[in-house]
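Here's the letter readout for the chains.
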Number of protein chains: 2
Amino acid sequence: MQSFALLKTQIRKYKLTPTYYFCLHLPTNNSNMSEKRALTMKDIARELGVSASTVSRALKDSPLISPDQRERIQRYAREHNFLPNELAGSLRLSHSAPSKLIGVIVPQFTHYYFSTILSGIEEQASLRGYRIIAAQSKERFEHEEHICQSMLGLRVCGVIVSQAKDTTHYEHYQQLMNAGMPLVFYDRICTGLNTNRVVVDDYMGAYNAVAHLIQTGCRRIAFYGSDMHLEISKNRYNGYRDALLKAGISPDDSLHLICDNRADAEIITPELLASANPPDAAFAVNDDTAIGILYTVKRMGLRVPEDFSICGFTNGERAIACDPPLTTVEQRGNQVGKEAVDILLDKVEGLTPMNKIEKRVVKTRLIIRGTTRPINP
Amino acid sequence: MQSFALLKTQIRKYKLTPTYYFCLHLPTNNSNMSEKRALTMKDIARELGVSASTVSRALKDSPLISPDQRERIQRYAREHNFLPNELAGSLRLSHSAPSKLIGVIVPQFTHYYFSTILSGIEEQASLRGYRIIAAQSKERFEHEEHICQSMLGLRVCGVIVSQAKDTTHYEHYQQLMNAGMPLVFYDRICTGLNTNRVVVDDYMGAYNAVAHLIQTGCRRIAFYGSDMHLEISKNRYNGYRDALLKAGISPDDSLHLICDNRADAEIITPELLASANPPDAAFAVNDDTAIGILYTVKRMGLRVPEDFSICGFTNGERAIACDPPLTTVEQRGNQVGKEAVDILLDKVEGLTPMNKIEKRVVKTRLIIRGTTRPINP
DNA sequence: AAGGAGTATGCAATCGTTTGCACTACTAAA
DNA sequence: TTTAGTAGTGCAAACGATTGCATACTCCTT
């Protein structure tokens, strides 16, 4: 390998571009660059024979600039579609005002519930003059970690996040907070950290759903839920249990199933229905599972809802696509997203103290459709 | 109104913060700021008693820095979770290398097909070391325009976009191109502009679907499509028509329906089935419409697929939620998103000349399920 | 011993925007 | 005619990272 110092000397002697540059960065002979670039304040200043400060002030309607000068500069900017470089601006002001970019981490864009939340986040952020940088963890811890690094590098003003399923450490979140960025969790909360959060009222959602099943005549109601170490599962189970107790029905552990997807539901349900004392209804923690139950029950010759009632949780696109349409608990993802943005930006803009921890609960709504019987007997 | 000059004088005399500042910018007494901030190279330099240049070079593994110094600096950075401010870096290098942010404009996040595309875009961008700024036009032209302004202000390296339904002007796209940003359209192409685009093979998708219907014994196949001025509708209709012609069936105009949603399908279909010469199958431009047809047909006492076959287009979540599951054309949104990113970044990184216009077509795939009959008779 | 080669570092300018301060040229009152 | 007040501009220093150049030092050769 050739010595750098020798190169440097030659470079000086012959006035070449330093060669070690090429060793560090691949030659950026990007022929696509440099043809066109965005207009800057300096360009305008040069063109109109004033200083960049004057341009800056004129465009901000500062009263320090004379009216005609102001008008002249604004007209030029308008006619040439000038837009100030926000990155430069937020760099300059980084000590007094943060950037107008919000980091958003989502486990999976294509998951319906998450897409409604993302939509709510985007809508509210946009309304308050912010843009979002959205990334998917794809349920992988290392992706989540890497995304957090990016967000830190990009100096977003704060981060809104739902954890990947396998996340158990949270140094990466701590890092963001150390850099002064507020953090808001939604849906899948980080239990190891006492932070801002927006969740759905899982308890009442489940309670009302089960109360409705009881009201329409069901007595043996199965619960299909995820592993009980998840907050969501716990809360929904408690709502289910309390609704039963309120109606004087004591919960039966054999009706408490660990099952949260359609494939498993189609395996488990036949056994359950063939048992000595089968259920007459099911409450599932998501629509996917509910649909699995629905079609299994139908396939086994039972009528829904006449012989068997079902209630899901989510109210996604599928709920009205199945036959009969699914009675389910609406999760209002849009609202969850909006509340998360409000919590975050209220802190960013100093309307709420940084150290105050906000925990909001979004009300759910029971959507009654065809998999449960009508209320009037 | 009080004079500014007077204020300025007093300000100078008493060494106050200039009052006109308060008139321009609302008081930024953001008590949340300034407590914590992200670490910078300067901080590290000060701490270790070297210059910022040395830190910069050490972190970039420059051979100009002595090995032990390099190790010392890198260790400090690692231990303190230092991440360089990307915005500052890309500002400095804005003339030789663009930022690593891609602007993405989507009509609606919650629309399943768009969410798969967005997912594909994010995945591929992430793989190539970029992040996305995602925004929804919500089908409103003025939103789209405003988002383009933002993207320009944020100096993204390029924009990937699908038009809002009511967009007919395209100065806002032109502006982006004038600033040197490559543009890639997907799904809803801007017909007024000759630009990079990724679309799905609508023609072959429809052709294969209809050919399948014919192969399984259908003879009178209805076409449910959108208004014919949309590219998508035209291409799918042509595929439908050619498949019929190929089989020696002449298209019947009375079977060509303008209908692209479930509600309309539920209104139109009964009339159609009650007509003198009713169809024995339907091909719809999306799953929503197909599901509307499906349930209407079932409600009228016909069996699907024995008496009537149906094929949709999209293969969204709903396609496997309905009963029977829907035969449909898979649009492979993920692939569309990835191709769009590749076109864009190949230009940004100088692998492809800027002025070369790329037009890619993503192959569709027919997913045969329960709303069409088996192929063996 | 002197000069040159080689090594490791710092200085300063740059990117585009913002803003405290200094400065000039007025006007009006004393 | 001072002199104070006022209006309008420009200069220069930030923000954080990068990098061409200068420099300070060591070591080797003649």
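The coordinates are above.
These figures come from a predicted structure and were not determined experimentally.

Talk me through the overall build of chain A; I want residue IDs and the actual numbers.
In terms of regular secondary structure, chain A is built from 14 helices and 12 strands. Whereas a compact globule of 377 residues would reach a radius of gyration of roughly 21 Å, chain A reaches 29 Å, over 25% beyond that. Here the C-alpha coordinates of chain A stretch approximately 95 × 65 × 40 Å along the principal axes. When the accessible area of chain A is evaluated, it comes to approximately 17200 Å², of which 52% is carbon and sulfur surface.

Residue-level account of the relation of the copies chain B and chain A, with values.
Between chain B and chain A, which share one sequence, the superposing operator has a rotation angle of 180° and an axial displacement of 0.1 Å; the RMSD is 0.3 Å. Both chain copies can therefore be described as sitting about a two-fold axis. Mapped onto chain A, 100% of the interface residues of chain B are again interface residues, and the two copies thus contact each other with one and the same surface.

An account of the sheet that holds strand 5 (residues 196-200) of chain B is requested, with residue identities and associated values reported.
Judged by pairing direction, the sheet is mixed, and its 12 strands sit side by side in the order 11(A)-5(A)-4(A)-3(A)-1(A)-2(A)-2(B)-1(B)-3(B)-4(B)-5(B)-11(B) without closing on themselves. With partners counted over all chains shown, the strands left at the sheet margins are strand 11 (359-362) of chain A together with strand 11 (359-362) of chain B, one partner each. Averaged over all pairs of adjacent strands, the angle between strand axes in this sheet comes to 20°, irrespective of strand direction. With four bridges joining them, strand 1 (residues 101-106) of chain B and strand 3 (residues 158-161) of chain B adopt parallel strand pairing. Counterpart to B:Gly103 in the pairing with strand 3 of chain B is B:Val159. Against the sheet, helix 14 (residues 333-348) of chain B makes contact with strand 1, strand 3, strand 4 (183-186), strand 5 and strand 11 of chain B, and its axis sits at roughly 165° relative to strand 5 of chain B, the strand it touches most.

Any details on the packing of helix 3 (residues 41-48) of chain A against helix 5 (residues 67-79) of chain A? Residues and values, ideally.
Residues and elements named next belong to chain A. At their nearest, the axes of helix 3 and helix 5 sit 11 Å apart, and the two run at 125° to each other. Judged on the interaxial angle alone, helix 5 and helix 3 are oblique. Viewed along their axes, helix 3 and helix 5 form a crossing whose handedness is right-handed. Judged by residue contacts, Ile 44, Glu 47 and Leu 48 of helix 3 engage Arg 72, Ile 73, Tyr 76 and Ala 77 from helix 5. The residue makeup of the contact of helix 3 with helix 5, split by class, is five nonpolar, no polar and two charged.

Mind laying out the packing of aromatic side chains, listing which residues take part and the relevant values?
The description of an aromatic ring pair rests on the distance of the ring centres and on the angle between the ring planes. Counted by the stated rule, this structure contains 18 aromatic pairs over all chains. An aromatic cluster is present here, built from A:Phe223, A:Tyr237, A:Tyr240, A:Phe283 and A:Phe313 joined pairwise through their rings. Just above the ring of B:Phe313 sits the side chain of B:Arg236; from NZ or CZ to the centre is 3.7 Å.

Explain helix 10 (residues 202-215) of chain B to me, using residue names and the numbers behind them.
Working note: α-helix, 3.6 residues per turn, so residues spaced by three or four point in the same direction. All names here are of chain B. Its 14 residues give helix 10 an end-to-end C-alpha distance of 20 Å, which sits within 8% of 20 Å, the value for a rise of 1.5 Å per residue. Listed in full, the buried residues belonging to helix 10 are Asp 202, Gly 205, Ala 206, Tyr 207, Ala 209, Val 210, His 212, Leu 213 and Ile 214. The first or second residue beyond helix 10 is Gly 217, which carries a positive phi of 100°.

So what's going on with the interface of chain B and chain A? Which residues, and what values?
In this complex, chain B contributes 78 residues to the contact, which on the side of chain A involves 79 residues. Across the chain B to chain A interface the summed buried area is about 6900 Å²; carbon plus sulfur atoms make up 59%. Our enumeration of links across chain B and chain A arrives at six salt bridges. The salt bridge partner of A:Glu317 is B:Arg318, with a shortest N-O separation of 3.6 Å. Between chain B and chain A we count 26 residue pairs in polar contact (both at pLDDT 80 or more) in total. Tallying contributions element by element places helix 7 (residues 112-127) of chain B first for the side of chain B that touches chain A, with seven residues.

Residue-level account of the pattern of salt bridges, with values.
Applying the stated rule across the entire model yields 52 salt bridges over all chains. Residue A:Arg262 is joined to A:Glu266 by a salt bridge in which the shortest nitrogen-to-oxygen separation is 3.1 Å. In this pair, A:Arg262 and A:Glu266 both sit in helix 12 (residues 262-274), four residues apart, roughly one turn of the helix. Note on A:Arg262: relative accessible area 19%, which makes it buried. On the basis of relative accessible area, A:Glu266 is assigned to the partly exposed category, the value being 26%. A salt bridge links B:Glu71 to B:Arg78; the nearest nitrogen and oxygen atoms lie 3.7 Å apart. The class of B:Glu71 is partly exposed, set by a relative accessible area of 36%. In this structure, a network of salt bridges that share partners links the residues A:Arg128, A:Asp342, A:Asp346 and A:Glu349.

Summarise helix 13 (residues 287-299) of chain B; cite the residues concerned and give the values.
Residues and elements named next belong to chain B. The end-to-end C-alpha distance of helix 13 is 18 Å, a good match for the 18 Å that 13 residues give at a rise of 1.5 Å each. The buried fraction of helix 13 amounts to 10 of the 13 residues, a majority that puts the element mostly inside the structure. Within the sequence span of helix 13, burial applies to Asp 287, Thr 289, Ala 290, Ile 291, Gly 292, Ile 293, Leu 294, Tyr 295, Thr 296 and Val 297. With a side-chain oxygen positioned 3.4 Å from the backbone nitrogen of Asp 288, the residue opening helix 13 is Asn 286.

Which residues make up the sheet that holds strand 7 (residues 256-258) of chain B, and what values do they have?
Residue and element names in this part refer to chain B. Read from one edge to the other, the open sheet built from six strands follows the order 7-6-8-9-10-12, with strand pairing classed as mixed. Edge positions in the sheet fall to strand 7 and strand 12 (365-367), since each of these pairs with one other strand and no more. Each adjacent strand pair in this sheet contributes to an overall mean axis angle of 20°, direction not counted. One ladder, built from three bridges, connects strand 6 (residues 221-225) with strand 7; its direction is parallel. Of the residues in strand 7, the one forming a bridge with Phe 223 is His 256. Its contacts with the sheet place helix 11 (residues 231-246) against strand 6, strand 7 and strand 9 (309-314), and it is angled at close to 170° to strand 6.

Give a description of the pairing of strand 4 (residues 183-186) of chain A that names residues and reports values.
All names here are of chain A. Of the two faces of strand 4, the one carrying Leu 183 and Phe 185 and the one carrying Val 184 and Tyr 186 are both buried. Pairing between strand 3 (residues 158-161) and strand 4: three bridges, direction parallel. Residue pairing in the sheet places Ile 160 in a bridge with Val 184 of strand 4. Between the parallel elements strand 3 and strand 4, the chain passes through helix 9 (residues 171-178) in a crossover that is right-handed. With three bridges joining them, strand 4 and strand 5 (residues 196-200) adopt parallel strand pairing. For Tyr 186, the partnering residue across the bridge sits in strand 5 and is Val 198.

Criteria and cut-off values
Numbering of residues starts from 1 in each chain and follows the order in which that chain's sequence is written. The lettering of chains begins at A and the numbering of ligands begins at 1, in the order of writing. Only residues with pLDDT of at least 70 are given local features in this predicted model, and only at 80 or more are side-chain atom pairs given and counted; all residues enter the totals for whole chains, interfaces and linings. Excluded from the side-chain calculations are hydrogens and water; all other atoms, namely the structure's heavy atoms, are used. Counting from the N terminus, the helices are DSSP H or I runs at least four residues long and the strands are E runs at least two residues long. Our radius of gyration looks at C-alpha atoms and nothing else; its globule reference is 2.2 Å times the residue count to the power 0.38. We get accessible surface area from the Shrake-Rupley algorithm with a probe of 1.4 Å; when it comes to residues, only the shown protein chains can shield them. Superposing the copies works by least squares over the C-alpha atoms of residues that have pLDDT at least 70 in both of them. The contact criterion used is simple: two residues touch if any of their non-hydrogen atoms lie within 4.5 Å. Each pair of strands is called paired provided DSSP finds at least two bridges between the two strands. In this analysis, axes come from line fits to C-alpha atoms, helices being fitted only over the stretch in contact, and the angle between any two N-to-C directions falls in the range 0 to 180 degrees. Roughly parallel means an angle under 35 degrees; roughly antiparallel, over 145; roughly perpendicular, 65 to 115; everything else is oblique. A crossing counts as left-handed when the near helix is turned anticlockwise from the far one by less than a right angle, and as right-handed when that turn is clockwise. Throughout this entry, Asp, Glu, Lys and Arg are counted as charged residues, while Ala, Val, Leu, Ile, Met, Phe, Trp, Tyr, Cys and Pro are counted as nonpolar. The remaining residues, Gly among them, count as polar. Put simply, two rings from Phe, Tyr or Trp (the six-membered ring, in Trp's case) pair if the centres are within 6.5 Å, and we call them stacked under 30 degrees between planes, edge-to-face over 60, tilted for the rest. A positively charged side chain is recorded as over a ring if its NZ (Lys) or CZ (Arg) lies within 6 Å of the ring centre. The angle to the ring normal must also be within 35 degrees. What a helix is expected to span follows from its residue count: subtract one and scale by 1.5 Å. Residue exposure (1.4 Å probe, protein chains only): buried if accessible area is under 20% of the type maximum, exposed if over 50%, otherwise partly exposed. By buried area we mean the combined loss of accessible area, with a 1.4 Å probe, across both parts when two parts are placed together. Each reported salt bridge corresponds to a side-chain nitrogen of Lys or Arg within 4 Å of a carboxyl oxygen of Asp or Glu. Two N or O atoms form a polar contact when they lie within 3.5 Å of each other; inside protein one atom must be a possible hydrogen donor and the other a possible acceptor, and for residues adjacent in sequence the pair counts only when both atoms belong to side chains. By convention, a crossover is right-handed whenever its connection, traced from the first strand over the helix to the second and viewed with the strands pointing away, goes clockwise.

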